[in-house]
Amino acid sequence: MKLYSLPHSPYAARVRIQARIDQLPVEVLPPPVPLRTEMFMQRFPLGKVPVLELDDGEVIAESWAIMEYLAEAGPASSDLLPNTPLERARMRVLGRYADLHLATNALFPLFRVAMGAGQGDTAAIAESLRAELLKGERLLADLGSDRQLSLGDIALAPTILYLQELAPVAGVKDPLEGFPELSAWWAWVNSFPAVSETLEEVRAGYHAFVASLAAKA
Ligand SMILES: N[C@@H](CCC(=O)N[C@@H](CS)C(=O)NCC(=O)O)C(=O)O
């Protein structure tokens, strides 16, 4: 299988973490045709990475769909996919929290400021960041610490890394400060080498991406 990925993509990073943990036969490659071109759109209708291309040429887009596919279709059933319906629901809630709350209401506004797409109201963005992190703090407290790493944790981790990179543009030096549950969870997920190593790739990829934009400007 081929995973079309970019080093700085937090969405592709989820799948790369999973592939490392479950030792999946996934070759990580850059997109085979340039992003934002008609050729890319024709081959990959949603126009984004990650995309998983199966050995028979079938393609799957969207990180969450790819992760569930790999966990369900992998050679051995994955520990990243919990066994009970309740645990699976909780796993999905973490993923939805990352995408629909934290990214939508905090990460994307920070990213727009960082990319110079308008100054934005940084005080309001910092407030929104705090409110979204408080949701995560309470969510993790409810989940407790006696559980296995799941796809939900893997989905959330790259989002938190990006918040650490971007929150300073809104005057927040350490976004996890004052959130003990999130801080303990962050230390826990980073204790898995597959997670910490992949996150370091994302951090380096993001810095290279920013440097390439600065060089073009
Ligand atoms: N919901 C998608 C989001 C994927 C996404 O936004 N990917 C970005 C890279 S991080 C992308 O491919 N952007 C293409 C572009 O900006 O043209 C997922 O979970 O896979």
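Since this is a predicted model, take the numbers as computed values, not measurements.

### Re the layout of surface pockets
Part 1 of the argument: By volume, the largest pocket amounts to about 1,100 Å³.
Part 2 of the argument: Contributing to the lining of the largest pocket are 29 residues, with Ser-9, Tyr-11, Lys-48, Val-49 and Phe-108 lying nearest its centre.
Part 3 of the argument: When residues of the lining of the largest pocket are traced back to their parent elements, those giving at least two are α1 (10-21), α3 (63-73), α4 (85-114) and α8 (193-216).
Part 4 of the argument: Among the elements that make up the lining of the largest pocket, the one with the highest residue count is α4 (nine residues).
Part 5 of the argument: The class makeup of the residues in the lining of the largest pocket is 17 nonpolar, five polar and seven charged.
Part 6 of the argument: Among the domains, domain 1 (2-73) and domain 2 (85-216) are the pair contributing at least three residues each to the lining of the largest pocket.
Part 7 of the argument: Lining of the second largest pocket is provided by 18 residues; of these, Pro-82, Asn-83, Glu-87, Arg-147 and Gln-148 occupy positions nearest its centre.

### Side note on the domain arrangement of the protein chain
Part 1 of the argument: Domain boundaries assigned for the protein chain yield domain 1 (2-73) and domain 2 (85-216).
Part 2 of the argument: Once you take the C-alpha centre of each, domain 1 and domain 2 turn out to be 21 Å apart.
Part 3 of the argument: Of the residues lining the interface, 15 residues belong to domain 1; the matching set on domain 2 comes to 23 residues.
Part 4 of the argument: Taking both sides of the interface into account, the surface hidden between domain 1 and domain 2 amounts to around 1,800 Å²; carbon and sulfur atoms contribute 66%.
Part 5 of the argument: For the interface between domain 1 and domain 2, the tally reads four salt bridges.
Part 6 of the argument: Put simply, Glu-68 and Arg-92 hold a salt bridge, and the shortest N to O gap is 3.0 Å.
Part 7 of the argument: Summed over the shared surface of domain 1 and domain 2, the number is seven residue pairs in polar contact (both at pLDDT 80 or more).
Part 8 of the argument: Elements that contribute at least two residues to the side of domain 1 that touches domain 2 include exactly α1 and α3.

### Observations concerning the site of the ligand
Part 1 of the argument: Lining the immediate surroundings of the ligand are Ser-9, Pro-10, Tyr-11, Arg-36, Gly-47, Lys-48, Val-49, Pro-50, Glu-62 and Ser-63.
Part 2 of the argument: Within the side chain of Ser-63, a nitrogen or oxygen atom sits 2.7 Å from an oxygen atom of the ligand.
Part 3 of the argument: Across the complex, the protein chains shield 79% of the 520 Å² of accessible surface that the ligand would expose by itself.
Part 4 of the argument: More than half of the atoms belonging to the ligand lie within 2 Å of the grid points that define the largest pocket.
Part 5 of the argument: Counted by class, the shell around the ligand contains four nonpolar, three polar and three charged residues.

### Section: helix α6 (residues 151-166)
An α-helical turn contains 3.6 residues, so a residue and the one three or four places further along point in the same direction.
Part 1 of the argument: For α6, built from 16 residues, the straight-helix expectation of 22 Å at 1.5 Å per residue is met to within 8% by its first-to-last C-alpha distance of 24 Å.
Part 2 of the argument: Across the 16 residues that make up α6, a large majority, 15, are buried.
Part 3 of the argument: Taking the backbone nitrogen of Gly-152 as reference, a side-chain oxygen 3.0 Å away marks Ser-150 as the first, capping residue of α6.

### Topic: empty space enclosed by the protein
Part 1 of the argument: Inspection of every chain in the model, using the stated rule, returns one cavity of 30 Å³ or more.
Part 2 of the argument: Reported here for the largest cavity is a volume of approximately 40 Å³.
Part 3 of the argument: In terms of lining residues, the largest cavity is bounded by Pro-10, Tyr-11, Arg-14, Asp-99, Ala-103, Leu-107, Ala-155, Pro-158 and Thr-159.
Part 4 of the argument: For the lining of the largest cavity, the secondary structure elements donating two or more residues are α1, α4 and α6.
Part 5 of the argument: Each residue belonging to the lining of the largest cavity can be placed in one class, and the counts come to six nonpolar, one polar and two charged.
Part 6 of the argument: Composition of the lining of the largest cavity by domain shows at least three residues from each of domain 1 (2-73) and domain 2 (85-216).

What counts as what
Residues numbered from 1 in each chain as written. Predicted model: local features only at pLDDT ≥ 70, side-chain atom pairs only at ≥ 80, totals over all residues. Heavy atoms only, no water. 1 Å grid on protein atoms, 1.4 Å probe; cavity = no way out; pocket = protein on both sides within 12 Å on 5 of 7 lines; lining within 4 Å. Points joined across faces, edges and corners; volume = space filled by probe spheres on them. Helix = DSSP H or I, 4+ residues; strand = E, 2+ residues; numbered from the N terminus. Nonpolar A, V, L, I, M, F, W, Y, C, P; charged D, E, K, R; others polar. Domains from an automatic or database assignment. Contact = heavy atoms within 4.5 Å. Buried area = accessible area lost by both parts, 1.4 Å probe. Salt bridge = Lys/Arg side-chain N within 4 Å of Asp/Glu carboxyl O. Polar contact = N/O pair within 3.5 Å; in protein donor to acceptor, adjacent residues only side chain to side chain. Near = heavy atom within 4 Å. Areas by Shrake-Rupley, 256 points an atom, 1.4 Å probe, with all protein chains shown as cover. Sits in = over half its atoms within 2 Å of the grid points. Expected span 1.5 Å × (residues − 1). Buried < 20%, exposed > 50% of the residue type's maximum accessible area, 1.4 Å probe, protein only.

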